[in-house]
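# Residue-level structure breakdown
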Amino acid sequence: MRLDKLLANLGYGSRKEIKKMCRDGSVKVDGVIVKDSSAHVDPVNQEVEILGNVVVYREFVYLMMNKPDGVISATEDLTQETVIDLLDPEFYPFELFPVGRLDKDTEGLLLLTNDGKLAHDLLSPKKHVPKRYFAVIDGVVNEKDVEAFAKGVTLDDGYKTLPAQLEILVQGEESEIEIVIHEGKYHQIKRMFEARNKKVTFLKRLSMGPLVLDEDLELGEYRELTEEELESLKGN
Ligand code: URA
């Protein structure tokens, strides 16, 4: 890989700035100054240093975020704050994107990565990756709803959902539930409850496949996945 490309991707500056740093003798490969920024390096097996710092190379980054209400699951937007805006600039060079979408007012687990293959696998409709949500519902959720969701409900556009597992945690004029769905249609859970004449007033994603939201993350906080979490996602 070209040295200037590697360093620019990792956020050490523009290619022009890196060219200058190389010419100034600020870049070393395996302890030897390299003045030509177009030189090729093996980022895995060679040690690259810039301004005395050893460069830690990685191609892919995987972040788990506890998405807050009020930000959109997009990479950029002219007017609205996005989940990418919540990241530290050190992550910008990796060009992360959210794996799937949560509505603007939905909270909870959101995976951000630049690993297109993993994202594709997790979102593939064929894989039916289960996603668990907690929700507060305006209305009394009952066994009839549980049965209807277990069979699949017909949404406003005529689409019949796959079976979903509904668990009632608190039953009352305002109910609390957990639900597992195996697909990701637009506003799916809100529309499933609308089909039962009930309204979702709060929605939070708890898990996606084997990945479970770290409850230590405050709203808007994120962290990198652990090795185990990543392995379990890849094995999914
Ligand atoms: N279902 C919804 O209605 N909204 C979400 O954000 C996710 C699932």
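All figures in this text were calculated on a predicted structure; none of them were measured in a lab. (Residues numbered from 1 in each chain as written. Predicted model: local features only at pLDDT ≥ 70, side-chain atom pairs only at ≥ 80, totals over all residues. Heavy atoms only, no water.)

### Description of the overall build of the protein
In plain terms, the rule: Strands are runs of DSSP state E lasting at least two residues, helices are runs of H or I lasting at least four, and both sets are numbered from the N terminus onward. Radius of gyration: over C-alpha atoms. The globule rule applied is 2.2 Å multiplied by the number of residues raised to the 0.38 power. Accessibility here uses a 1.4 Å probe with only protein chains present; expressed as a share of the type maximum, an area under 20% marks a residue as buried, one over 50% as exposed, and anything in between as partly exposed. Any two residues whose heavy atoms approach within 4.5 Å at even a single point are treated as in contact. Accessible areas in this description were obtained via Shrake-Rupley with a 1.4 Å probe; residue shielding takes into account the shown protein chains only. In this tally Asp and Glu are treated as negative and Lys and Arg as positive; neither His nor the chain ends contributes. Lys charges are placed at NZ, Arg charges at CZ, Asp charges at CG and Glu charges at CD.
On a plain count of helices and strands, the protein comes out with six helices and 13 strands. For 236 residues, the compact-globule estimate of 2.2 N^0.38 gives 18 Å, and the C-alpha radius of gyration of the protein, at 23 Å, exceeds that figure by more than 25%. Here the C-alpha coordinates of the protein stretch approximately 70 × 35 × 35 Å along the principal axes. Among the 236 residues that make up the protein, the fraction classed as buried is 46%. Considering only residue pairs separated by 6 or more positions, the protein has 63% of its internal contacts joining residues 24 or more positions apart. Of the accessible surface of the protein, which amounts to about 12,800 Å², a share of 49% is contributed by carbon and sulfur atoms. One way to put it: in the protein the 31 positive side-chain charges average out to a point 6 Å from where the 45 negative ones average out.

### Looking at the domain arrangement of the protein
As a reminder, the rule being used: Residue ranges for the domains originate in an automatic or database domain assignment.
Domain annotation of the protein identifies domain 1 (3-54), domain 2 (62-125 + 211-234) and domain 3 (131-208). Between the C-alpha centres of domain 1 and domain 2 the distance comes to 30 Å.

### Some details on the sheet that holds strand E4 (residues 53-54)
What links the strands of a sheet is backbone hydrogen bonding, and the strands pair in either a parallel or an antiparallel sense. Inclusion rule: By the convention used here, strands pair only if DSSP detects at least 2 bridges between them.
Overall, antiparallel pairing links the four strands, which are arranged E2-E1-E3-E4 in an open sheet. The outermost strands of the open sheet, each flanked by one partner alone, are strand E2 (32-33) and E4. Across two bridges, the pairing between strand E3 (residues 48-50) and E4 is antiparallel. Residue pairing across strands places Glu49 opposite Val54, the latter belonging to E4.

### Thoughts on the site of the ligand
Applied cut-off: The criterion for a residue being near a molecule or strand is simple. One of its heavy atoms has to lie within 4 Å of it. In the analysis that follows, any N or O atom pair within 3.5 Å is treated as a polar contact, provided that within protein one partner can donate a hydrogen and the other can accept it, and provided that, for residues neighboring in sequence, both atoms belong to side chains. Lining residues are defined by having an atom within 4 Å of a point belonging to a cavity or pocket. Those points lie on a 1 Å grid over the protein atoms alone, cavities being sets where a 1.4 Å probe fits but cannot get out and pockets being open sets with protein on both sides within 12 Å along at least five of seven lines. Those molecules having more than half of their atoms within 2 Å of a cavity or pocket grid point set are described as sitting in that cavity or pocket. Residue polarity is assigned by list, with Asp, Glu, Lys and Arg as charged and Ala, Val, Leu, Ile, Met, Phe, Trp, Tyr, Cys and Pro as nonpolar; anything else, Gly included, falls into the polar class.
As a matter of local geometry, the ligand sits amid Leu102, Asp103, Thr106, Tyr133, His187, Gln188, Ile189, Lys190 and Leu203. Taking Thr106, its side chain carries an N or O atom lying 2.9 Å from an oxygen atom of the ligand. The contact in question runs from an oxygen atom of the ligand to an N or O atom on the backbone of Lys190, over 3.1 Å. Protein burial of the ligand: of its 240 Å² of free accessible surface, 96% is covered by the chains. When atom positions are compared with the pocket grids, the ligand is found to occupy the largest pocket. In terms of residue count, helix H5 (residues 188-194) provides more of the shell around the ligand than any other element does, three residues in total. Here the shell around the ligand is composed, by residue class, of four nonpolar, three polar and two charged. For the shell around the ligand, the domains that each give at least three residues are domain 2 (62-125 + 211-234) and domain 3 (131-208).

### Regarding the environment of Leu102
As for its placement among the helices and strands, Leu102 is situated in the loop between strand E6 (97-98) and strand E7 (107-113). Judged by its relative accessible area of 5%, Leu102 is buried. Distance in space between the C-alpha atoms of Leu102 and Leu203 is 9.5 Å, their sequence separation being 101 residues. Excluding residues within four positions of it along the chain, Leu102 makes contact with Lys67, Ser73, Glu107, Gly108, Leu109, Leu110, Tyr133 and Arg205.

### Quick look at the pattern of salt bridges
Heads up, the rule is: Any Lys or Arg side-chain nitrogen found within 4 Å of a carboxyl oxygen on Asp or Glu counts as a salt bridge.
In this structure the tally under the stated criterion is 17 salt bridges. Glu178 is the partner of Arg132 in a salt bridge, and the nearest nitrogen-oxygen pair spans 2.6 Å. With Arg132 in strand E8 (residues 131-138) and Glu178 in strand E10 (residues 174-181), this pair connects stretches of sequence that are 46 residues apart. By relative accessible area, Glu178 is classed as buried at 19%. Taken together, the shared-partner salt bridges in this structure form one network comprising Arg2, Asp4 and Arg15.

### What to know about the layout of surface pockets
Our working definition: Grid points are joined across faces, edges and corners, and a volume is the space filled by probe spheres set on the points.
Roughly 710 Å³ of internal volume is contained in the largest pocket. Forming the boundary of the largest pocket are 33 residues, of which Gly100, Arg101, Gly184, Lys185 and Tyr186 lie nearest the centre. Only helix H3 (116-123), E8, H5 and strand E11 (199-208) provide two or more residues apiece to the lining of the largest pocket. Of the residues contributing to the lining of the largest pocket, the split by class is 16 nonpolar, nine polar and eight charged. Built from parts of two domains, the lining of the largest pocket gets at least three residues from each of domain 2 (62-125 + 211-234) and domain 3 (131-208). Taken together, 13 residues line the second largest pocket, and the ones lying closest to its centre are Asn9, Glu59, Pro93, Phe94 and Asn114.

### Focus: unusual backbone geometry
Of note, Asp30 is a non-glycine position whose phi angle comes to about 50°, a positive value. According to the relative accessible area criterion, Asp30 is partly exposed, its value standing at 44%. A positive phi angle is found at Glu95, which is not glycine, with a value near 55°. Topologically, Glu95 is positioned in the loop between strand E5 (62-67) and E6. We classify Glu95 as exposed; its relative accessible area is 64%.

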